Every structure is written in C-alpha cells, then in structure tokens.
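Take a look at the letters that make up each chain.
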Amino acid sequence: MKDYKGYLFDIDGTLLLGDVLISGAKEKIEELRKKGKTIGFYTNNSSKNPKSYIEKFKKLGIDIELKEVITAGVVLADYLKNSCKNKKIFIVGTKDYKNYCKNLDINIVDENDEFEFSEIDIVAVTLDSELNYKKLEIACELLHGDVEYLAANEDLVYPVQGGIFLPDCRAICNMIELCIKKTPKYFGKPKKIMLDYALKNLSLEKDEVVIVGDRLYTDIASGNINGCNTILVLTGEATKDSESIYKPMYTIDSVAEIKIY
C-alpha cells in the first residue's frame, strides 16, 4: 500500500456506524497523527453542523479540528453564501444544519416561516432526519415554478448499527423527482467541488491524498473521477461482491488494515 501525505476519511460506514466507532478506527487515526499525516473527515452527511462532529468525536476520544471536517452540507452552504447573495432559499434540512446556514447569514426559510412562494429563488435539499410531509409538499410546489434546485449529496442511504440502512439525501430527492420530474445540482462526493474544497482546506494536492470510504458510487467515484487514489473498506455499504464502474486502488476489510510507513 502506497504512503500518502493526506487521508480523506468518509465517516458513516468507514469510521462510524451510527454513534459507534468501527473497531480500530481510533487507533488508526492516532497512528496517522503520530506519523505527521494530514487527516480530513470527508463525508457526504449533510444533516449536521460541522461543529457537531467535533463534539461527537470528542465523546469517542478523538480530537479533531473544524478545518478537518468537510461535509457535503458545508460545501453547499459555502456555495449559497458566496454565489447566491440576495437570494432567498427554502431549505429541506435538520434544525442543526439550518442553524449552521443562519449563522453564515444565508437567507433561508423553512416550512415554519411565513413567506410568499414568489419570494423563493432556490430550493436546497440535504439529508433530513427530521423530514416531514409539509417540507416535501412545499418543495414540490416551489419546484413546479421557475426556481433553482440544489442538493447536498447523492447518497441513497446511510448505514447505522445492526446492518440497517436509512434514507439519505438522494432518496429524498428521488421522491421529489417522481412528482416534479426535475433533478437537482449536487455538491457532495463525487463532485469536483467537494474535493477541491477539501484540498484547499487542508493545503494538499490531489496526488498527495487517498480517499477512504465504503461506497463505490460516491467515495471511490470521487477518486476515480478527480484523479485521486482510493481505498474501499467493507464496513459499510459495499461488499466484496458489489459491482460498479468505479474501482478502488485497494480493498480492505476496515480502516484498521491501512498500512502507514
């Protein structure tokens, strides 16, 4: 296994299952830090404020920095803040994520606000573990009009303990697509904008990093499409029998098997 300056780790299914660390993950991160490696927590989970990950990992005995947390939600919010000024955005998302956007002074509304449909310029969808029918209804009605449609990530599901998978952002978008026949512009893995954001945050070049993840169509695709090496782990969605046009450079059972020189 090649040695790398930087390691971009997916979180759900790679380092964690729900709120439980995958065996050997903590020790591997500690080993990488001792070797002077740069680490990024490179996740398509768009339901959380990135500060929530700092708190979550701290409870698990792992200290991480805010700049190391690169989520699809962060990349989407960065776009909304810098490229959508003076636009009003209807957000399908968790309270935690919406508060993150509000703290960035992004002009968002949700299903509990009073607003005119004609005021809305953009509908943005994220992984919403607090999803309800009212959010879907408003999003569909808005998207029947001439509004921009954005979404954080293309993951259909995310893994939790016990081999269970729950609906992710693209599953929500697929419901909306059945109604309005439109697909959004996505920002998470495997899109180049997500990798570029991570590399800039961590001061790395793409030939210096390896992407480690459990999904072929997001994690491994992110490397294949954008010219980075990849490691597939079998602790989440993918299995040894999974088939895809996206091929990892290495396949291992878990992050515990990563070799560091």
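Residues numbered from 1 in each chain as written. Predicted model: local features only at pLDDT ≥ 70, side-chain atom pairs only at ≥ 80, totals over all residues. Heavy atoms only, no water.

> A description of helix α6 (residues 169-180) should follow, citing residues and the corresponding values.
Under the 1.5 Å per step criterion, the end-to-end length of α6 is 17 Å for twelve residues, consistent within 8% with the ideal 16 Å. Turning to α6, its buried residues are Cys169, Ile172, Cys173, Ile176 and Ile180. For α6, the angular spread of buried residues about the axis comes to 95 degrees, placing them on one side. Against the buried residues of α6 lie β8 (122-125), α5 (133-143), β9 (148-151) and β12 (185-186). Following α6 by one or two positions, Lys181 adopts a phi angle in the positive range, close to 60 degrees. (Helix = DSSP H or I, 4+ residues; strand = E, 2+ residues; numbered from the N terminus. Expected span 1.5 Å × (residues − 1). Buried < 20%, exposed > 50% of the residue type's maximum accessible area, 1.4 Å probe, protein only. Arc of directions from axis to C-beta. Contact = heavy atoms within 4.5 Å.)

> Explain the sheet that holds strand β14 (residues 229-233) to me, and be specific about the residues and the numbers.
Spatial ordering of the open sheet is given by β5-β4-β1-β13-β14-β15, a layout of six strands whose pairing is parallel. One side of each edge strand has no neighbouring strand; the edge strands of this open sheet are β5 (69-71) and β15 (250-252). For this sheet, the mean inter-axis angle between neighbouring strands, taken without regard to orientation, is 25 degrees. In the packing of helix α7 (residues 192-202) onto the sheet, the strands contacted are β1 (6-9), β4 (38-43), β5 and β13 (209-213), and the crossing angle to β4 comes to about 150 degrees. Packed onto the sheet, helix α8 (residues 216-226) meets β4, β13 and β14 and runs at close to 160 degrees relative to β14. (Pairing = 2+ DSSP bridges. Axes fitted to C-alpha atoms, helices over the stretch in contact; angles between N-to-C directions.)

> Break down empty space enclosed by the protein for me, citing the residues and quoting the values.
Inspection of every chain in the model, using the stated rule, returns one cavity of 30 Å³ or more. Of the volumes computed, that of the largest cavity is approximately 50 Å³. Every residue lining the largest cavity is listed: Asp10, Asp12, Thr43, Asn44, Asn45, Leu127, Asp155, Tyr158, Asp168 and Arg215. (1 Å grid on protein atoms, 1.4 Å probe; cavity = no way out; pocket = protein on both sides within 12 Å on 5 of 7 lines; lining within 4 Å. Points joined across faces, edges and corners; volume = space filled by probe spheres on them.)

> Quick one: what's the story with the layout of surface pockets, residue by residue and with numbers?
The volume enclosed by the largest pocket comes to roughly 180 Å³. As for the largest pocket, its lining consists of 14 residues, of which Asn45, Ser47, Lys48, Ser129 and Tyr158 are closest to the centre. The element contributing the most residues to the lining of the largest pocket is strand β10 (residues 157-160), with three residues. Across the lining of the largest pocket, the residue classes tally to four nonpolar, five polar and five charged. (Nonpolar A, V, L, I, M, F, W, Y, C, P; charged D, E, K, R; others polar.)

> An account of the packing of helix α3 (residues 72-83) against helix α4 (residues 95-103) is needed here, citing residue identities and associated values.
Across the interface, α3 lies against α4 with an axial gap of 10 Å and an inter-helix angle of 35 degrees. As α3 packs across α4, the resulting crossing turns out to be right-handed. Every residue of α4 that contacts α3 at Gly73, Val74, Leu76 and Ala77 is listed here: Tyr97, Tyr100 and Cys101. Taken together, the residues of the contact of α3 with α4 break down into six nonpolar, one polar and no charged. (Left-handed = near helix turned anticlockwise from the far one by under 90°.)

> Could you give an account of the sheet that holds strand β6 (residues 89-92), naming the residues involved and the relevant values?
Pairing in this open sheet of five strands is parallel, and the strands run β7-β6-β8-β9-β12 from one edge to the other. For this open sheet the edge positions go to β7 (108-109) and β12, each flanked by a neighbour on one side alone. The sheet strands contacting α3 are β6, β8, β9 and β12, and the helix crosses β9 at an angle near 150 degrees.

> Tell me about the environment of Leu127, and please be specific about residues and values.
Along the polypeptide, Leu127 turns up in the loop between β8 and α5. For Leu127, a relative accessible area of 3% gives the class buried. Residues Leu127 and Gly145, spaced 18 residues apart in sequence, show a C-alpha to C-alpha distance of 23 Å. Contact partners of Leu127, with chain neighbours within four places excluded, come to Asn45, Ser46, Ser47, Thr94, Asn153, Tyr158, Pro167, Asp168 and Cys169.

> Residues and numbers for the pairing of β1, please.
Taking every second residue as pointing to the same face, both faces of β1 are buried, with Gly6 and Leu8 on one and Tyr7 and Phe9 on the other. For β1 and β13, the ladder comprises four bridges, and the chain directions are parallel. Paired with Phe9 across the strands is Val212, a residue of β13.

> Lay out unusual backbone geometry with the relevant residues and their values.
Most of the time, phi is negative for any residue but glycine, and the peptide bond is trans. Cis rather than trans, the peptide bond between Lys189 and Pro190 has omega equal to 15 degrees. Among the secondary structure elements, Pro190 is positioned in the loop between β12 and α7. Its identity as a non-glycine residue notwithstanding, Lys181 has a phi of 60 degrees, on the positive side. Among the structural elements, Lys181 can be located in the loop between α6 and β12. The backbone phi angle of Ser203 is positive, close to 55 degrees, even though this residue is not glycine. Following the sequence through the fold, Ser203 ends up in the loop between α7 and β13. With relative accessibility at 62%, the residue Ser203 sits in the exposed group.

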